[in-house]
2 protein chains.
Amino acid sequence: MNWRLHTDYRVYLVTDRELCLGRPLEDVVLAAVRGGAGAVQLREKHASSREFLELARALVSRIQPLGIPLIINDRADIALAAGAAGLHVGQSDLPPADARLLMGPEAIVGLSVETPEELKEAEAYDIDYVGLSPVFATPTKTDTHTPWGLEGLRAARAISPLRLVAIGGIHNDNAAAVAEAGAHSLAVVSEICSAEDPEEAARRLLAAFDCRTPQQGAF
Amino acid sequence: MNWRLHTDYRVYLVTDRELCLGRPLEDVVLAAVRGGAGAVQLREKHASSREFLELARALVSRIQPLGIPLIINDRADIALAAGAAGLHVGQSDLPPADARLLMGPEAIVGLSVETPEELKEAEAYDIDYVGLSPVFATPTKTDTHTPWGLEGLRAARAISPLRLVAIGGIHNDNAAAVAEAGAHSLAVVSEICSAEDPEEAARRLLAAFDCRTPQQGAF
């Protein structure tokens, strides 16, 4: 399957096990998928490689048969060994060109960009999206640059041909505004992971995305 | 090149940049190679993936043309992207079977074993050596099991068909005893990284290895 052609990025869950309120990650992910999340990124900054691989394999077996790609954060070896659909890299991770070579031509490769300069550079790579990070200030990640804000997102959309995944501080009450400002995708961590009802949280985000002003269009 | 057939494991340097007394890692590695180290493992537990890859590429370009393999600790993706000769995994890293699949049939794959049970299990894998860890108690790694000791090493040699890389607490003054007890390889971190003269330290270890009692034989 060529995941690059068939992924619905409107609501994109990025995981954080520590924010799942003690619930198994798999339960939270499956609830989000039922609610309409179309892509899931597994992010593990403290797990051993073996634990990371086991988590990845479990999620791949549950969501990829449903047509939902699992995208692994940073570790191409984990992505390859688990048969995950894609890889997400940041500016301190594998360079995007190396990520693409390792993952092959049909895998999803995404790249975080934190500045307009990085956004421009990203056009040179064979990637599927850029993660504009952070859109708003957020407690989930503290090592981030100045937020893009809605104005920065609008400017990015005006100049970039790339699919724009907005991440950082997106919640139900600002999701429509982020979509209106030009995001092709709403990526969230705590909004779903820490939601009392992750399925409902995903459903609301999808509804907010779809209520954006029509002239922005889908990607 | 099939590194599996042409590697001299007698003196095996495992790196730790923090123990290099402020000297560039590359300088320490090249000195060790001049002194006779026949294999080098790059171990980076705190570097970003990008920094890890850059270090790996620099070392690959310097030592592999000399016939010395660079073996990457834990990260198969870094090994593949850098063109490194091999991968070393621990019991919490990628499972050896996955490591072999990712690295391909001609790469070196090594596995750490900390107990006789793990040593026995290791026979099932397509690996090039096991790292018996630790042979002696050592301040370099604190998360380790009971040391194998010389008796444990002798017993391992008596029952295992695998190439045995001894690691942990090996110094110039016990190196000959470790080789005599049956190690096919002396792996060291601080003995070379923190040596005033890493080249001389490697040379002495090689000499100590070669002075072992002849009946043990080379692998």
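Before any of the text, the structure's been laid out above.
Residues numbered from 1 in each chain as written. Chains lettered and ligands numbered in written order. Predicted model: local features only at pLDDT ≥ 70, side-chain atom pairs only at ≥ 80, totals over all residues. Heavy atoms only, no water.

J.: Break down the interface of chain B and chain A for me, citing the residues and quoting the values.
T.: The partner chain A presents 21 residues to the 21 residues of chain B that form the contact. In this assembly, chain B packs against chain A so that about 1600 Å² is buried in total across both faces, 54% of it on carbon and sulfur atoms. Summed over the shared surface of chain B and chain A, the result is 4 salt bridges. Asp-98 of chain A serves as the salt-bridge partner of Arg-57 of chain B, at 2.5 Å between the closest nitrogen and oxygen. Linking chain B to chain A there are 16 residue pairs in polar contact (both at pLDDT 80 or more). Elements represented by at least two residues in the side of chain B that touches chain A include exactly α2 (49-63), α3 (76-82) and α4 (96-103) of chain B. Looking at the side of chain B that touches chain A element by element, the count peaks at 5 residues for α3 of chain B. Among the residues forming the side of chain B that touches chain A, the class breakdown is 9 nonpolar, 5 polar and 7 charged. (Contact = heavy atoms within 4.5 Å. Buried area = accessible area lost by both parts, 1.4 Å probe. Salt bridge = Lys/Arg side-chain N within 4 Å of Asp/Glu carboxyl O. Polar contact = N/O pair within 3.5 Å; in protein donor to acceptor, adjacent residues only side chain to side chain. Helix = DSSP H or I, 4+ residues; strand = E, 2+ residues; numbered from the N terminus. Nonpolar A, V, L, I, M, F, W, Y, C, P; charged D, E, K, R; others polar.)

J.: If you had to explain the sheet that holds strand β1 (residues 11-14) of chain B to someone new, which residues and values would you point to?
T.: Residues and elements named next belong to chain B. Sheet architecture is closed into a barrel: 8 strands sit in the order β1-β2-β3-β4-β5-β6-β7-β8, paired in parallel fashion. Within this sheet the neighbouring strands show an average axis-to-axis angle of 25°, counted without direction. Sheet topology places strand β2 (residues 39-42) next to strand β3 (residues 70-73); 3 bridges connect them, and they run parallel. The partner of Val-40 across the bridge, within β3, is Leu-70. Helix-sheet contacts for α2 involve β2 and β3, and the interaxial angle to β3 is about 165°. (Pairing = 2+ DSSP bridges. Axes fitted to C-alpha atoms, helices over the stretch in contact; angles between N-to-C directions.)

J.: Let's hear about the relation of the copies chain B and chain A: which residues, and what values?
T.: Overlaying chain B with chain A gives an RMSD of 0.0 Å, the required rotation being 180° about an axis along which the chain moves by 0.0 Å. Such a turn and shift between the copies fits a two-fold axis. Measuring from the rotation axis to each C-alpha of chain B, the shortest distance belongs to Asp-77 of chain B, at 2.3 Å. Interface residue correspondence from chain B to chain A reaches 100%, placing this contact among same-surface, isologous pairings. (Least-squares fit on C-alpha atoms with pLDDT ≥ 70 in both.)

J.: Tell me about the packing of helix α7 (residues 172-180) of chain B against helix α9 (residues 198-210) of chain B, and name the residues and values.
T.: Residue and element names in this part refer to chain B. Interhelical geometry of α7 versus α9 gives an angle of 35° and a closest axis separation of 8 Å. Here the hand of the crossing between α7 and α9 comes out right-handed. Contacts from Asn-172, Ala-175, Ala-176 and Ala-179 in α7 reach Arg-204, Leu-205, Ala-208 and Phe-209 in α9. Residue classes in the contact of α7 with α9 are distributed as 6 nonpolar, 1 polar and 1 charged. (Left-handed = near helix turned anticlockwise from the far one by under 90°.)

So yeah, pure geometry; function would need other evidence.
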